[in-house]
Amino acid sequence: MTTNTPGWQPPHCPNPDCQFHQHVSPAWRYKRKGYFTRRCAPKRIPRFTCLHCGRNFSTQTFSTSYWLKRPDLMPRLFLQLVGSMCNRQAARAERVAPSTIQRQASRLGRHCLLFHTLQLQQIGPTPEIVVDGFETFEWSQFHPFHHNVAVDPATGYFLHHTDSPLRRKGRMTEQQKRRRAALEASLGRPDPKAVRKGMAELIEVVTRGADKVTIRSDDHPAYPPAMKRLNCEIEHRITPGKQHRDQHNSLWEVNLLDLLIRHSTAAHKRQTIAWAKRRQSSAEKLAVLQVWRNNVKRRWENGAAVTPALLRGVADRVLTVRDILKERLFRTRIELPESWSRYYERGVETAALAVNRRHGLTYAF
Ligand SMILES: [Zn+2]
């Protein structure tokens, strides 16, 4: 049932200050308040009034297309984002401005951050986890960063991700070395402990509620210190990063996710001209890929019709994009992990940019 289905009932009051916002209660009273008309279908939108706080709202208040001029774009854009289309290509295909795609891609990202957080709350502890740092860059190759990712190797379920800005390393020409020095002098150096911090937060989130967990990773020196000071017992199994990365490698499941991210996201293709301008947008798009990977895409392309979420027991079937976008999720009703709260508010700053626009809209959530 979507908000457009006749007979749909609002589950709670949409006003964050109302006592019937957080908790769904049979004591909550509201009444119908006629309709308003709009230009796109369905044209007649039912309205309601909360009898407790007096807030007026409509079925649209609970829709993922709330306050959008082009509600039809979202489901298609979802698949374009995980189908390796860059923002400008999607804008041309849809005949809209690139800024429209950018805004709607961010909104999809925010919805997926909430969608995944709710789903992760229903999943019990994962006994064995594989983690890795997916290396990419923002703005230019002088600003590399890791998306730290965690996967359940038994089902392929993509559990969580955080980010860590890095200092450019590896082979550089003399000119590149001078450029790096100049950039670091004006913008500062990334935190040398960023990988440890990003990995620590990742592991803290994915081990919540567990007493004992086995974590597989490569031999990155920042990982062992990231596993200290946790509330659960950890057995760390290290596979050298140089070992051949095929199906027989114990990190196979996370290597597969890395491959899927590179294959499905325009910004992370090798030698692309569609690289991410902001780490912020990259995290939003990764959240979309995560929800798609766990719920929509089959575990194996040529196998049975199962998804990681189905195998983990949090979905009863393979979901469609329409199922994912069925209903608006309220940030005010869902607690997010630290980094994800920053992603939601667009609070991740790209050092090379003078202005980092945040998400401060009230209605276009
Ligand atoms: Zn209310």
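This text follows the structure it describes.
All of the points below concern the structure found in this document.

Remarks on the nonpolar core
By size, the foremost hydrophobic cluster in this structure holds 46 residues, and its most contacted members are Leu77, Phe78, Leu108, Val288, Leu289, Trp292 and Ile324. Setting aside residues up to four positions removed in sequence, Leu289 forms contacts with Val82, Phe158, Leu260, Ile261, Ser264 and Thr265. Counting residues in hydrophobic clusters, the runner-up holds 26 residues, among them Leu120, Ile123, Met199 and Ala309.

Quick look at the pattern of salt bridges
Following the criterion strictly, the structure yields 21 salt bridges and no others. The partner of Arg189 in a salt bridge is Glu184, with the nearest N and O atoms 3.4 Å apart. For Glu184, a relative accessible area of 16% gives the class buried. Salt bridges sharing partners connect three or more residues here, namely Arg70, Asp72, Arg76 and Glu94.

Things to note about the sheet that holds strand 6 (residues 157-165)
Within a sheet, neighbouring strands are paired by backbone hydrogen bonds and run either parallel or antiparallel to one another. The five strands lie next to each other as 6-5-4-7-8, forming an open sheet whose pairing is mixed. Where the open sheet ends on each side, the last strands, each with one partner, are strand 6 and strand 8 (233-238). The sheet shows a mean angle of 25° between the axes of neighbouring strands, taken without regard to direction. In the sheet, strand 4 (residues 128-137) pairs with strand 7 (residues 212-217) via three bridges, with the strands oriented parallel. If you follow Ile129 over to strand 7, its bridge partner there is Ile215. Docked against the sheet, helix 5 (residues 194-206) engages strand 4, strand 5 (144-152), strand 6, strand 7 and strand 8, running at close to 155° with respect to strand 6.

Observations regarding the packing of helix 3 (residues 98-122) against helix 8 (residues 279-295)
The N-to-C vectors of helix 3 and helix 8 enclose an angle of 50°; their axes lie 7 Å apart at closest approach. Relative to helix 8, helix 3 is oriented oblique. The two elements helix 3 and helix 8 cross, and the hand of that crossing is left-handed. Judged by residue contacts, Ala105, Ser106, Leu108, Gly109, Cys112, Leu113, Phe115, His116 and Gln119 of helix 3 engage Glu284, Lys285, Ala287, Val288, Gln290, Val291, Asn294 and Asn295 from helix 8. Grouping the constituent residues of the contact of helix 3 with helix 8 by class yields eight nonpolar, seven polar and two charged.

A closer look at the environment of Ala222
Examined against the element boundaries, Ala222 turns out to sit in the loop between strand 7 and helix 6 (223-226). Residues Ala222 and Lys197, spaced 25 residues apart in sequence, show a C-alpha to C-alpha distance of 8.8 Å. Once residues lying within four places of it in the same chain are set aside, the contact partners of Ala222 are Val195 and Arg196.

Criteria and cut-off values
Residues numbered from 1 in each chain as written. Predicted model: local features only at pLDDT ≥ 70, side-chain atom pairs only at ≥ 80, totals over all residues. Heavy atoms only, no water. Core = buried A, V, L, I, M, F, W, Y, C linked by side-chain atoms within 4.5 Å. Buried < 20%, exposed > 50% of the residue type's maximum accessible area, 1.4 Å probe, protein only. Contact = heavy atoms within 4.5 Å. Salt bridge = Lys/Arg side-chain N within 4 Å of Asp/Glu carboxyl O. Pairing = 2+ DSSP bridges. Helix = DSSP H or I, 4+ residues; strand = E, 2+ residues; numbered from the N terminus. Axes fitted to C-alpha atoms, helices over the stretch in contact; angles between N-to-C directions. Parallel < 35°, antiparallel > 145°, perpendicular 65-115°, else oblique. Left-handed = near helix turned anticlockwise from the far one by under 90°. Nonpolar A, V, L, I, M, F, W, Y, C, P; charged D, E, K, R; others polar.

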